[in-house]
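This is what each chain is made of:
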Amino acid sequence: MSQPGEIDELKARLDATERQVSTLAEAVRVLAGGLESGPLEDPAQSRPEHAARLAHELLLAAGLIRPEEREGP
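Residues numbered from 1 in each chain as written. Predicted model: local features only at pLDDT ≥ 70, side-chain atom pairs only at ≥ 80, totals over all residues. Heavy atoms only, no water.

### Section: the packing of helix H1 (residues 4-35) against helix H2 (residues 47-61)
Point 1. Where H1 meets H2, the axes come as close as 7 Å, and the angle between the chain directions of the two elements is 175 degrees. Put simply, H1 runs roughly antiparallel to H2. Residues Thr23, Leu24, Glu26, Ala27, Val30, Leu31, Gly33, Gly34 and Leu35 of H1 touch H2, and the partners they reach there are Arg47, Pro48, Ala51, Ala52, Leu54, Ala55, Leu58 and Leu59. (Axes fitted to C-alpha atoms, helices over the stretch in contact; angles between N-to-C directions. Helix = DSSP H or I, 4+ residues; strand = E, 2+ residues; numbered from the N terminus. Parallel < 35°, antiparallel > 145°, perpendicular 65-115°, else oblique. Contact = heavy atoms within 4.5 Å.)

### Points about H2
Point 1. Given a rise of 1.5 Å per residue, 15 residues ought to cover 21 Å, and the 21 Å separating the end C-alpha atoms of H2 matches this to within 8%.
Point 2. Every buried residue of H2 is accounted for by Ala51, Ala55 and Leu59. Seen end-on, H2 carries its buried residues on one side only, within an arc spanning 70 degrees.
Point 3. Two residues or fewer after H2 comes Gly63, characterised by a positive phi angle close to 75 degrees. (Expected span 1.5 Å × (residues − 1). Buried < 20%, exposed > 50% of the residue type's maximum accessible area, 1.4 Å probe, protein only. Arc of directions from axis to C-beta.)

### Some thoughts on the pattern of salt bridges
Point 1. Throughout the structure, instances matching the rule amount to 1 salt bridge.
Point 2. Among the salt bridges present, the one from Arg29 reaches Glu26, with a minimum N-O distance of 2.6 Å. In this pair, Arg29 and Glu26 are both assigned in helix H1, 3 residues apart and thus about one turn of the helix distant. (Salt bridge = Lys/Arg side-chain N within 4 Å of Asp/Glu carboxyl O.)

Treat this as a map of the structure, not an account of what it does.
Structure below.
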């Protein structure tokens, strides 16, 4: 039989996993939306770039990825 402390730890881990999955699902939704375009949209718009940036920011904010160190200008 599980101890109360073990159950609390498992619940906390499950809650954290649910938050991570929710964040991942939101990032995928944002990316998919950025790749979609309607017939009346200006093809010069940078929707994919904006969606990728937003998805990256979501993942960073959730702590699912680490900030990359950039080199160069």
